[in-house]
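A closer look at the structure
Each chain, letter by letter, is given below.
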Amino acid sequence: MERLITTIRCVFRLFKQPHKIGATFTLSGTSEPMLVIGIEKYELWHDQIIIWYTCQRLDHEAPTKMVNRKPRNYVVELEIEGKYDDVELKRYGLGSTILNRGQYYKIQEYTEIALRGTDLVISFMARPIYPVGQKEVKEKLFGERRKKLKIL
């Protein structure tokens, strides 16, 4: 099963306008529409800019139950444990999106890195990410289709 909220890596030539938060686009090679809900990180590489976006899949059904939204500055402390060579640990970089107990979070800052026996324990502060409501998703998807068909 594909995740509702995911990270997408996009490469742009310098001085070409990248996607903005709230913009929709389709993945190259697929017809899957995506909505940009955040920017995780970027890198400058020669004449290109590489941007990692937090995106919501528009063709997936958003949860229908209303989640109690916390204030924008609300954060929780989470922790991951693993061996030093575990590839899963590399996924927990600053700005990356993770799924914990059915809720999506964006990692804000590390609070502690410690050893527990031979395992590496990384604690971090993360803020919740909420999917865009189904009504707004349908409006964005409809607008994207109209734009593609050049209908006013």
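The model shown is predicted, which means the values in this text are computed figures rather than measured ones.

1. So, the side chain of glutamine 56
Here glutamine 56 shows up in strand E4 (residues 48-57). A polar side-chain atom of glutamine 56 sits 2.6 Å from the main-chain amide nitrogen of valine 132.

2. Focus on the confidence of the model for the protein
Residues of the protein with pLDDT of at least 70 account for 91%, and the chain-wide mean is 84. Per-element averaging of pLDDT across the protein places helix H1 (residues 134-149) at the bottom with 83 and strand E5 (residues 76-82) at the top with 91.

3. Considering the sheet that holds strand E6 (residues 97-100)
Read from one edge to the other, the open sheet built from 4 strands follows the order E5-E8-E7-E6, with strand pairing classed as antiparallel. Both outer strands of the open sheet, E5 and E6, are each paired with one neighbouring strand and no more. Recorded for the sheet is a direction-independent mean angle of 50° between the axes of neighbouring strands. Pairing of strand E7 (residues 103-116) with strand E8 (residues 119-129), which is carried by 11 bridges, proceeds in the antiparallel orientation. Bridge pairing in E8 links isoleucine 107 to alanine 126.

4. With respect to the sheet that holds strand E2 (residues 24-26)
Strands sit in the order E1-E4-E3-E2 across an open sheet of 4 strands; the sheet is antiparallel. The sheet is open, and its two edges are formed by strand E1 (5-13) and E2, each paired on a single side. On average, each strand axis in the sheet is inclined to that of its neighbour by 45°, with strand direction left out of account. The sheet contact formed by strand E3 (residues 33-45) and E4 spans 10 bridges and is antiparallel. Bridge pairing in E4 links leucine 35 to glutamine 56. Contacts from H1 reach E2, E3 and E4 within the one sheet, and its direction differs from that of E2 by about 60°.

5. Description of the environment of valine 76
By secondary structure assignment, the location of valine 76 is in strand E5. By relative accessible area, valine 76 is classed as buried at 16%. Counting along the chain gives 35 residues from valine 76 to threonine 111, while the straight-line C-alpha distance between them is 11 Å. Setting aside chain neighbours within four positions, we find valine 76 in contact with Tyr105, Phe124, Met125 and Ala126.

6. Here's the deal with the pairing of E7
Of the strand pairs in this sheet, E6 and E7 are connected by 4 bridges, and their pairing is antiparallel. Bridge pairing links asparagine 100 to glutamine 103 in E7.

7. Remarks on the pattern of salt bridges
Going through the model one piece at a time under the given rule, you end up with 7 salt bridges. Residues glutamate 79 and arginine 116 are paired through a salt bridge, measuring 3.5 Å at the closest nitrogen-oxygen approach. On the criterion of sequence distance, the pair formed by glutamate 79 in strand E5 and arginine 116 in strand E7 is long-range, its members being 37 residues apart. The exposure class assigned to arginine 116 is partly exposed, which follows from its relative accessible area of 43%. Of the charged contacts in the structure, one is a salt bridge between arginine 116 and glutamate 81, with a shortest N-O distance of 2.8 Å. Of this pair, arginine 116 sits in strand E7 while glutamate 81 sits in strand E5, placing them 35 residues apart in sequence. Relative accessible area serves as the criterion here: at 38%, glutamate 81 is assigned to the partly exposed category.

Each value, and the rule that gives it
- Residues numbered from 1 in each chain as written.
- Predicted model: local features only at pLDDT ≥ 70, side-chain atom pairs only at ≥ 80, totals over all residues.
- Heavy atoms only, no water.
- Helix = DSSP H or I, 4+ residues; strand = E, 2+ residues; numbered from the N terminus.
- Polar contact = N/O pair within 3.5 Å; in protein donor to acceptor, adjacent residues only side chain to side chain.
- pLDDT = per-residue confidence, 0-100.
- Pairing = 2+ DSSP bridges.
- Axes fitted to C-alpha atoms, helices over the stretch in contact; angles between N-to-C directions.
- Contact = heavy atoms within 4.5 Å.
- Buried < 20%, exposed > 50% of the residue type's maximum accessible area, 1.4 Å probe, protein only.
- Salt bridge = Lys/Arg side-chain N within 4 Å of Asp/Glu carboxyl O.

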